[in-house]
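Listed below are the residues making up each chain.
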Amino acid sequence: CSGDGDPDGNVWDDFALELINASSEDDIKRRDLYDGAPLLATVDPQRLLSPWAKGPVAICGDASHPMMPNLGQGGCQATEDGYRLGEELGAVTHTRDIPGALGKYSRVRVIRTAIVQGFAQLGSDLLVDFDLMMTIPLLGPFFLTM
């Protein structure tokens, strides 16, 4: 790696710098990525009873479980949300039952999405911090053989 880093203190790999310097500034795009903490990390009894629904309104997809894209699960989890919403709302026979169906949808989905969200965060953290990844007993040595 080169020197003491850029003006922000970031140290770049020599090959990465070569690629950046060979590119015109107009061809370099910044793409910020954001996610949220898995809902199970929040201690709020109301959110545990009906995490993504309140009355006749519910959220799904990235609104309820934003995650990093490295596992390719954001759209998959949103599709599963839609399926579960359809299952729960399909069983409703009266409008008064909609809040209960939406609450059940969110309770059923929250554990699975929190697990996937947690793995996506871990994967992102490991990709960003290669030194941390190298400390994992089986994973680190595997990457040294590549």
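Anything mentioned here points back to the structure above.
1. A closer look at the pattern of salt bridges
Overall, the coordinates contain five salt bridges when judged by the stated rule. As a salt-bridge pair, arginine 109 and glutamate 80 come within 2.9 Å of each other at their nearest N and O atoms. Separated by 29 residues along the polypeptide, arginine 109 in helix H4 (residues 98-128) and glutamate 80 in helix H3 (residues 74-90) bring together distant segments of the chain. For glutamate 80, a relative accessible area of 25% translates into the label partly exposed. Taking the shortest distance from any N to any O, the salt bridge between glutamate 88 and lysine 104 comes out at 3.8 Å. Residue glutamate 88 is located in helix H3, and its partner lysine 104 is located in helix H4; the two are separated by 16 residues in the primary sequence. Since its relative accessible area comes to 9%, glutamate 88 is described here as buried. Where salt bridges share partners, they join Glu80, Asp81, Arg109 and Arg112 into one cluster.

2. Section: the nonpolar core
Grouped together as the largest cluster of nonpolar side chains are six residues: Trp52, Ala53, Leu85, Leu102, Tyr105 and Val110. Sorting elements by how many residues they give to this core places H4 first, with three residues. Look past the residues within four positions of alanine 53 in its chain and what remains in contact with it is Ala58, Leu102, Gly103 and Ser106.

3. As for the environment of serine 124
One can find serine 124 in helix H4. Placed 54 residues apart in sequence, serine 124 and asparagine 70 show a C-alpha to C-alpha distance of 6.6 Å. With sequence-adjacent residues up to four places away left out, serine 124 is seen in contact with Met68 and Asn70.

4. What to know about the packing of H3 against H4
Relative orientation of the contacting elements H3 and H4 amounts to 155°, with a least axis distance of 9 Å. It follows from the interaxial angle that H3 and H4 lie roughly antiparallel. Both H3 and H4 take part in a crossing whose hand is right-handed. Two secondary-structure elements touch here, H3 through Gln77, Glu80, Asp81, Arg84, Leu85, Glu88 and Leu89 and H4 through Ile98, Ala101, Leu102, Lys104, Tyr105, Val108, Arg109, Arg112, Thr113 and Val116. Tallied by class, residues from the contact of H3 with H4 come to eight nonpolar, two polar and seven charged.

Conventions we followed
- Residues numbered from 1 in each chain as written.
- Predicted model: local features only at pLDDT ≥ 70, side-chain atom pairs only at ≥ 80, totals over all residues.
- Heavy atoms only, no water.
- Salt bridge = Lys/Arg side-chain N within 4 Å of Asp/Glu carboxyl O.
- Helix = DSSP H or I, 4+ residues; strand = E, 2+ residues; numbered from the N terminus.
- Buried < 20%, exposed > 50% of the residue type's maximum accessible area, 1.4 Å probe, protein only.
- Core = buried A, V, L, I, M, F, W, Y, C linked by side-chain atoms within 4.5 Å.
- Contact = heavy atoms within 4.5 Å.
- Axes fitted to C-alpha atoms, helices over the stretch in contact; angles between N-to-C directions.
- Parallel < 35°, antiparallel > 145°, perpendicular 65-115°, else oblique.
- Left-handed = near helix turned anticlockwise from the far one by under 90°.
- Nonpolar A, V, L, I, M, F, W, Y, C, P; charged D, E, K, R; others polar.

Spatial relationships are all this shows, so hold off on functional conclusions.
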